[in-house]
Amino acid sequence: MVDKIGDNPPAQKKRRTGDHDTTVQNNNFVVFNTLGWERQDVIELPKCCDSTQTSEAGFPLGLVKANPLGFTTYKVTELTDKVSITMEKELVKLENKFLIATFSQNGSLLSLIYKESNHEAIEPGKQGNRFVLFEDIPFFWDAWDVMEYHMEKRKDILGTASSFKILETGPMRVSFEVSYTISKDSSIKQTILLNCISPQILFDTKVDWHENRKILKVEFPLNIRSPQATYSIQFGNIQRPTRANTTWDIAKFEVCAHHWADLSEYGFGVSLLNNSKYGYGVAENVMRLSLLRAPKAPDAEADMGQHSFKYALLPHNGNIYSSHIIRAGYNLNVPLRIHKTTSAVDVSYFSVDSPNIIIETIKKAEDSNNLVVRLWESFGGRGEVKFSSIYPVQRVFRANLLEDQKEELLWKGGVKITYTPYQIITLI
């Protein structure tokens, strides 16, 4: 896309949007989506909006939709599906059309039944969402090394929560909060949420962290058996063994991953997503996510204090591709945004017609005013995709990662591009 791509599209020149404003006196809002596929979610709205439910923070909740890489005018949507939270003796049950999740009042996940296949995702007799402390004393470099022997000294954070409270009761979203101590110096407060349109259970976690050479992990023993787990990385995914049969396998006790890790057998799997924690480990059927460390060198105060992060558990039928786990990872990390607007206009600036192609980056070129669009193939396949834009594109070239123009492509309201497995494609 060359030369005048920076101009506004003719139909959009009068549109203006502003920051999220909770005090305005009208309902002229647009939902802005910076990802390349249509999305739907339950989010907090400005306080002037009407809603059938209010969040714990006092904001109206709304079921919103948004166009790919664009925005959609907010309209009140009638709920066709609902979510519920009930107390049964000492247990908390969350249920929507996708799943039934049963928790204890200390936040432990006792059962997770995926309705479509009637599959129990948690290993019977075990508990998911369990926090565990491990002693973390490497041989040399506190802040850099994690040794495999740290798994041999663990302390389960068990017992009754210091507080338990139901926060939201539906119909759009349900949630409850638990708090408990890690040690005399550290504590956790966690809000567990489920909305009416997704099988994803969200764990919104806040930790006051003051430990010494400890590593905090959360673990989920899954009712799944597979010799390999799959991990998200930039522009692709990798697989690692779940059993330590060789010294090479032993060295893979912790895997660096970006948005998610997944353990699947034929027809069913569970993904553990995150928004800022990148150390995963899967040992046989137990999936762990490393949350916090407490090294004392070179900085004795490293990571001490308040931390806030989210992770989510997502059961699914099929594999990571058919169940759109890659998109789910992006969705958790790139939330929808709502803004005030002076006009009601819906628009999608860029789009592709294949679900395996992800529009990763849109940026100004390094050495010109041209626009650079970077895409990548996420399923590991070959084919052809059409990339489209509402902008008045004059010329488009295929380029390399250094933004050197290589091959001019024919633009007719869009351009068709051939791709190979996990290929990174740069257009300029």
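Keep in mind that this is a model prediction, so the values were computed, not measured. (Residues numbered from 1 in each chain as written. Predicted model: local features only at pLDDT ≥ 70, side-chain atom pairs only at ≥ 80, totals over all residues. Heavy atoms only, no water.)

Here the focus is the side chain of Arg173. Mapped onto the elements of the fold, Arg173 is located in strand β13 (residues 173-181). Taking relative accessible area as the criterion, Arg173 reaches 14% and is therefore assigned buried. Of note is the side chain of Arg173, whose polar atom sits 2.9 Å from the side chain of Glu168. In this structure Arg173 touches Val42, Glu44, Gln53, Ser55, Leu61, Val83, Glu168, Leu193, Leu194 and Asn195, once residues within four positions along its chain are discounted. (Helix = DSSP H or I, 4+ residues; strand = E, 2+ residues; numbered from the N terminus. Buried < 20%, exposed > 50% of the residue type's maximum accessible area, 1.4 Å probe, protein only. Polar contact = N/O pair within 3.5 Å; in protein donor to acceptor, adjacent residues only side chain to side chain. Contact = heavy atoms within 4.5 Å.)

The strand order β25-β1-β4-β26 describes an open sheet built from four strands, whose pairing is antiparallel. Looking at the sheet topology across the chains shown, the edges are occupied by β25 (337-340) and β26 (347-348). In the sheet, strand β1 (residues 29-33) pairs with β25 via four bridges, with the strands oriented antiparallel. Considered in β25, the bridge of Phe29 is made with Lys340. (Pairing = 2+ DSSP bridges.)

What the rule picks out here adds up to 21 aromatic pairs. Relative to Phe71, the ring of Phe32 has its centre 6.5 Å away and its plane inclined at 40 degrees; by these criteria the two rings are tilted. A residue pair is termed long-range when its members are at least 10 positions apart, and Phe32 in strand β1 and Phe71 in strand β4 (residues 70-73) qualify at 39 residues. Overall, Phe32 belongs to the partly exposed group, its relative accessible area being 29%. Take Phe71: its relative accessible area is 1%, and that puts it in the buried class. (Phe/Tyr/Trp six-rings, centres within 6.5 Å; stacked < 30°, edge-to-face > 60°.)

Right, let's get into the sheet that holds strand β31 (residues 396-399). Where strands meet in a sheet, backbone hydrogen bonds hold them as pairs that are either parallel or antiparallel. An order of β28-β29-β34-β31-β32 is seen for the five strands of this open sheet, with the pairing classed as antiparallel. Every other strand in the sheet has two partners, leaving β28 (357-364) and β32 (405-409) as the edge strands with one partner each. Each adjacent strand pair in this sheet contributes to an overall mean axis angle of 30 degrees, direction not counted. Where β31 and strand β34 (residues 424-427) come together, two bridges link them in antiparallel fashion. When the sheet's bridge partners are listed, Arg398 is paired in β34 with Leu427. (Axes fitted to C-alpha atoms, helices over the stretch in contact; angles between N-to-C directions.)

As a further point, take helix α2 (residues 325-333). When we look at burial in α2, the residues that qualify are Ile325, Ile326, Ala328, Gly329, Tyr330 and Leu332. Residues of α2 that are buried make contact with β15 (201-209), β20 (260-265), β21 (268-274), β24 (305-317), β28 and β29 (371-377).

So, about the nonpolar core. Counting residues in hydrophobic clusters, the biggest one holds 59 residues, and the most contacted among them are Leu94, Phe103, Leu216 and Tyr311. Membership of the second largest hydrophobic core comes to 24 residues, among which are Leu69, Val347, Leu371 and Phe387. (Core = buried A, V, L, I, M, F, W, Y, C linked by side-chain atoms within 4.5 Å.)

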